[in-house]
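Observations on the three-dimensional arrangement
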Number of protein chains: 2
Amino acid sequence: MPSAEILSIGTELLLGHVLDTNSQFLARELAGLGIDCFFRSTVGDNKVRIKDAALAALSRADILITSGGLGPTADDLTTECLAELFEAPLDFDETVFAKIEKFFIASRFPMPESNRKQALRPRGADILPNNNGTAPGIIWQLDESTLSKFAIPGKGKVILTFPGVPQELYAMWNETAKPFLQNYFSGKKIWSCQLKHFGIGESALAQKYAHLLDLANPTVAPYAGFGECRLTVTAKGATEEEAKTIAKPVIDEILQTSADHCYGFDDETLESVVGKLLLAQKKTLAVAESCTGGLVSQRLTDISGSSAYIKLNLITYSNEAKMDMLQVPESILVEHGAVSAQCAEAMAKGILKLAKSDIGLSITGVAGPDGGTEEKPVGLVYIGLATRNAYRDSHLNLPSHLSRANIRQRAASAALNMVRLFLLENT
Amino acid sequence: MPSAEILSIGTELLLGHVLDTNSQFLARELAGLGIDCFFRSTVGDNKVRIKDAALAALSRADILITSGGLGPTADDLTTECLAELFEAPLDFDETVFAKIEKFFIASRFPMPESNRKQALRPRGADILPNNNGTAPGIIWQLDESTLSKFAIPGKGKVILTFPGVPQELYAMWNETAKPFLQNYFSGKKIWSCQLKHFGIGESALAQKYAHLLDLANPTVAPYAGFGECRLTVTAKGATEEEAKTIAKPVIDEILQTSADHCYGFDDETLESVVGKLLLAQKKTLAVAESCTGGLVSQRLTDISGSSAYIKLNLITYSNEAKMDMLQVPESILVEHGAVSAQCAEAMAKGILKLAKSDIGLSITGVAGPDGGTEEKPVGLVYIGLATRNAYRDSHLNLPSHLSRANIRQRAASAALNMVRLFLLENT
C-alpha cells in the first residue's frame, strides 16, 4: 500500500490559535483512498524546520501533503522551502498570475505587490489549481534519479501543497488532488464504521471482543469517553462495496453480542436515537430535571426537528418548584429528601401529568462537588420514567471524585438510555 | 526559553476518526506558560513509531507531552514504549491500582483484568493523577546521566503523559501538570491571565489594542470562539509577584478601555459572573427557554451552589406550553408568532410570575437548520428580561450559516450577558 504523510505548516497552529481540522480531513480522505498514513506533523513558519520535516516525511512515505504557508506574506514559506530542498529554481507562472489578478479585480480590492509571490512554482512542478482563493498549490512528481541526488530512497514520490484555508483545501482536494491520487496509485479502498455503546466499559468491551482486536482485515478498535464506548470496524477492499462486505460479518457479530448495549452507528447519539424512536412511535416526552439542570433537555433539543416530540421540560431545582409545579408531596421531601427514589417517582408522574405527554422522565441527584453526605454522596442519582400505566426507575452511584460536569453528563446519558431501552421494548 | 513538543498517539487520529483538539489545548497552554513549541506530531498505536517519535522529540525539546495510548487495551502502548526507550522496568503501583479498583466499585462495572495494566509505571517516574478516569499519566524527570546513556543531549528533560479523553486531559493539566511546569523551570516565572470579553469581535478587539499586541513583556494576544473573545496577558519576572507587577498596567488599561465588554478573568464564565452577582444581590432568576432548549439553564446550573438563586426554569418548546405554563396570550402567537418581541415579553413576564423570582428571562428564536423563513430567518433570536417593575428586551440576527449548536450557544451567551449588564447597573 502506498503511504502518505501530512505536514501542517503555520506558527498559529503551534500557538493553538487555530484548530487543525485540515489534518483530520486529509487523514480521512487518505484512508478512504486506501493510502496509509503513519505520521503527521506540524511545524511553524520557519525555513529550517519546514525543510527538516519535509525531508523526514519524504524519506518515510511515498506522498507528502502539506497545508499552509502558501499566502502572500513573508512568513509564507512552503513553496520556497520545497524549491530549495530540491535545488529547483522558482519560475514565474504567467497563467497563474493572470488568475490572481482576475481574482482581485472581481473582489474589488487592490492587489498588493506581495501577491506576485503566489505565482511562483518550482521548475518541474505542476500547478494544483485553487478556484476559491489566490494561492494555488503544486503537484510535484519526483523521479528516482532526482530523489537519489538528495539521498532519499524510493522509485518515485509526489508532493502536494495546499493553502491553510479549509474551504479552499477541501475544494482543491476534491477537484484535483483526489482524482490525481486515485490514478497515481491503483490502491485499495477503505471503509469504516463506529458502533456506539452505552452501559458497558471500554475494557469490558475489549475483553468481550478480544478475539476481534487482532484481526488484520477488518480491524476492530475500542475507544471510550464520558461513560460511552465505541468500537471502530475498518475494512479494506478493491472497492468500497468489497470493503463493506469484508466488514459485515464482524459488524453482525458485534450487533448480536452487544444487543441493546449498542445504541447506534457513527454520528448517532443517545439523544438522536431517542428522538428517532419517539418520532417513529409518535410519542412525546417531557422531562423534569433537578441535578442535571437542563442538560437532558438541551441534548434532546440539539436535534433539529425535536419540537415534534418535546413540548415542555422543567428544571425544578428547588423543593418549592418540585412541590408547586410537579405536585411532589411535602411528606416525601421531608421523609426521604429530594434525592430519593420516592421523589424521582413523584417528579416523573408529576411532569407526565403537567405536560400531558406519553412519557415523563425525572432526574434528581447530587452533582457535587458540594452537597454530598455519607448517606447521599456526590454521584448518587435517581432516574424515574413514568407512562400513564407504568413506572420504572433506576439509580446510579457515580464515582464521587468525578467533576460536576462529568457526573451531569453521565447522569443525562443514563436517563436518555433508560428512555431508549423503554422505547425499544415497544417496537 | 524552555521548549516542548506535543506527541499525539492513536491510530484513530491518523484515520481521521477523531479531531485532535488536545493538541490545540496543550499548544495554547504551553504558549501561556511561555514555553516554546516548534514541532507537533501524531503517530498511530505502533511501538516502533511511538518510540521513534518520542526519541526525536526528546532530542530537540526539553519537555515531551504525549496524549493517548494510556487505556487498558492491547493497543494502548505509551507507558510501555517510554519504559522500553529508557530501559526502565515497569513497576506495579498499588496505590494507583487501589484507585482504579475503587473507580470500578463505585461505577458497579466489574473490573476487567486488563485494567491492571493502567497501574504500571516506569521505575523513576511519578504518577500524574487522573481524577476523572482510570488511566493516570506519568511525570518522568530524566537527568543528564540517564539522557547521555541514550545519546540524548541536554541537562535534564521531562516527559508528561495524558490519556486521550479531552476532559480527563484538561483536568490533569490544570490540577497537576500546569503547576508542575510552572515550578520546573527555575529562572523566570511566568504569570498570565485572560481577560474575557463579550459583545465585541476579535478583529475589533485586536484593532482597539493594536498598540499592545507587539509588546514583548507582557505579551498580549487575542483569541476568539463561539461569539466570545479573550485577551491573554502574559508576563515574565524573577518572581510571580514581579511578573504580575509587570502585567498590571496593561491589564488596568484593558479593563478601563473595555469597560463592561470585559466580563471576567480566567476561569470565569458569563454564567459564573451572573451567579456571583445574583448571590451578592440576593436575587433569584428564572428562565423560560424556547430555541435554546435548556442550554441557558444548564449553563447557569453548571455552577456549584447555583441552587441559591435558581429555583425553577422552563423549557416551553411548544406554543401550548407557552400558553399553558407562561400565560402567553394566544393572540400574540397568532398575530406575531412564537419568535417575536411580543412573545419574548410575555414569556419573561410569565416565568417571573410563575416562579415568583426577582428576574424573569426569556429566549425565543430560530436555531435552524430548518424552520427559517424570509421574515424570520435562522439566527433570529428575541431575549426578554422582566422584573416586577421593569422590562427590557433585545434581539439578535446571527449569521444563518452558523450551526444549530453555535446559534444556541451564542443566543444563550447573549441572554446571560443581558442579565449580567442588568445586575451591574444595580451595583
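These numbers were taken from a predicted model, which means no experiment stands behind them.

With that settled, the discussion passes to the sheet that holds strand 16 (residues 380-387) of chain A. Across the sheet, 10 strands lie side by side as 17(A)-16(A)-15(A)-13(A)-14(A)-14(B)-13(B)-15(B)-16(B)-17(B); this open sheet has mixed pairing. Either end of the sheet is taken by a strand with one partner, and the two such strands are strand 17 (390-397) of chain A together with strand 17 (390-397) of chain B. Averaged over all pairs of adjacent strands, the angle between their axes in this sheet comes to 10°, without regard to strand direction. Where strand 15 (residues 359-365) of chain B meets strand 16 (residues 380-387) of chain B, six bridges bridge the pair, whose relative direction is antiparallel.

All names here are of chain A. According to the domain assignment, chain A consists of domain 1 (3-184), domain 2 (189-265) and domain 3 (270-425). Here domain 2 and domain 3 have C-alpha centroids that lie 31 Å from each other. On the domain 3 side, the residues contacting the eight residues of domain 2 number 12 residues. Taking both sides of the interface into account, the surface hidden between domain 2 and domain 3 amounts to around 790 Å²; carbon and sulfur atoms contribute 64%. Run the count over domain 2 and domain 3 and you get one residue pair in polar contact (both at pLDDT 80 or more). Here the residues of the side of domain 2 that touches domain 3 sort into four nonpolar, two polar and two charged.

Strand order in this open sheet of 12 strands is 6(A)-7(A)-8(A)-3(A)-1(A)-2(A)-2(B)-1(B)-3(B)-8(B)-7(B)-6(B), and the pairing throughout is mixed. Two strands close off the open sheet at either side, each with one partner strand: strand 6 (126-128) of chain A together with strand 6 (126-128) of chain B. Sheet twist, expressed as the average angle between the axes of neighbouring strands with direction ignored, equals 20°. As paired strands, strand 1 (residues 3-9) of chain A and strand 3 (residues 63-67) of chain A are joined by five bridges and run parallel to one another. The residue bridging Glu5(A) from the neighbouring strand is Leu64(A), located in strand 3 of chain A. Relative to strand 8 (residues 156-162) of chain A, helix 7 (residues 166-184) of chain A is tilted by about 170°, and along the sheet it contacts strand 3, strand 6, strand 7 (137-143) and strand 8 of chain A.

Before going further, it helps to examine the nonpolar core. Among the nonpolar cores identified, the biggest contains 87 residues, and Leu285(A) and Leu285(B) are the most heavily contacted of them. Leaving out residues up to four positions away in the same chain, Leu285(B) has contacts with Val274(B), Leu278(B), Leu300(B), Tyr309(B), Ile310(B), Lys311(B), Asn313(B), Ser357(B), Ile359(B), Leu361(B) and Val419(B). Core analysis: the second largest hydrophobic core is formed by 32 residues, Cys343(A), Val328(B), Cys343(B) and Ala355(B) among them.

Before going further, it helps to spend a moment on the environment of Met1(B). Residues and elements named next belong to chain B. Mapping Met-1 onto the fold places it in the segment before strand 1 (3-9). Considered as a pair, Met-1 and Lys-188 are 187 residues apart in the sequence and their alpha carbons are 9.2 Å apart. The residues contacting Met-1, other than those within four sequence positions of it, are Gly-34, Asp-36, Asp-62 and Lys-236.

So, about the state of the cysteines. Applying the stated criterion to the full structure yields zero disulfides over all chains. Summary of cysteine pairing: Cys343(A) is not part of a disulfide, and the nearest cysteine sulfur, belonging to Cys291(A), is at 11 Å. Looking at the unpaired Cys193(B), the closest cysteine sulfur is the one in Cys262(B), lying at 8.8 Å.

A few words on the interface of chain A and chain B. Across the boundary between the two partners, chain A contributes 82 residues, which contact 73 residues of chain B. Carbon and sulfur atoms make up 55% of the area that chain A and chain B hide from each other, which totals about 6,100 Å². Taken as a group, Leu14(A), Arg40(A) and Tyr317(A) account for 10% of the area that chain A buries against chain B, more than any other trio of residues on that side. On the surface where chain A and chain B come into contact, there are four salt bridges. Taken together, chain A and chain B are joined by 36 residue pairs in polar contact (both at pLDDT 80 or more). Top element by residues in the side of chain A that touches chain B is strand 2 (residues 36-43) of chain A. It accounts for seven residues. Residue classes in the side of chain A that touches chain B are distributed as 34 nonpolar, 34 polar and 14 charged.

The next thing to look at is the side chain of Lys376(B). All names here are of chain B. Position of Lys-376 relative to the elements: it lies in the loop between strand 15 and strand 16. For the buried residue Lys-376, which engages in no salt bridge, the nearest side chain bearing the opposite charge is Glu-375, 5.1 Å off. Within polar-contact distance, the side chain of Lys-376 engages the backbone oxygen of His-336 at 2.4 Å. Setting aside residues up to four positions removed in sequence, Lys-376 forms contacts with His-336, Gly-337, Val-339, Ser-340, Val-366 and Gly-371.

Moving on: the confidence of the model for chain A. Per-residue confidence for chain A gives a mean pLDDT of 92, with 98% of residues at or over 70. Interface scoring of the predicted complex returns ipTM 0.75; its pTM is 0.76.

Rules of the game
- Residues numbered from 1 in each chain as written.
- Chains lettered and ligands numbered in written order.
- Predicted model: local features only at pLDDT ≥ 70, side-chain atom pairs only at ≥ 80, totals over all residues.
- Heavy atoms only, no water.
- Pairing = 2+ DSSP bridges.
- Helix = DSSP H or I, 4+ residues; strand = E, 2+ residues; numbered from the N terminus.
- Axes fitted to C-alpha atoms, helices over the stretch in contact; angles between N-to-C directions.
- Domains from an automatic or database assignment.
- Contact = heavy atoms within 4.5 Å.
- Buried area = accessible area lost by both parts, 1.4 Å probe.
- Polar contact = N/O pair within 3.5 Å; in protein donor to acceptor, adjacent residues only side chain to side chain.
- Nonpolar A, V, L, I, M, F, W, Y, C, P; charged D, E, K, R; others polar.
- Core = buried A, V, L, I, M, F, W, Y, C linked by side-chain atoms within 4.5 Å.
- Buried < 20%, exposed > 50% of the residue type's maximum accessible area, 1.4 Å probe, protein only.
- Disulfide = S-S within 2.5 Å.
- Salt bridge = Lys/Arg side-chain N within 4 Å of Asp/Glu carboxyl O.
- Lys, Arg positive; Asp, Glu negative; His and termini not counted.
- pLDDT = per-residue confidence, 0-100.

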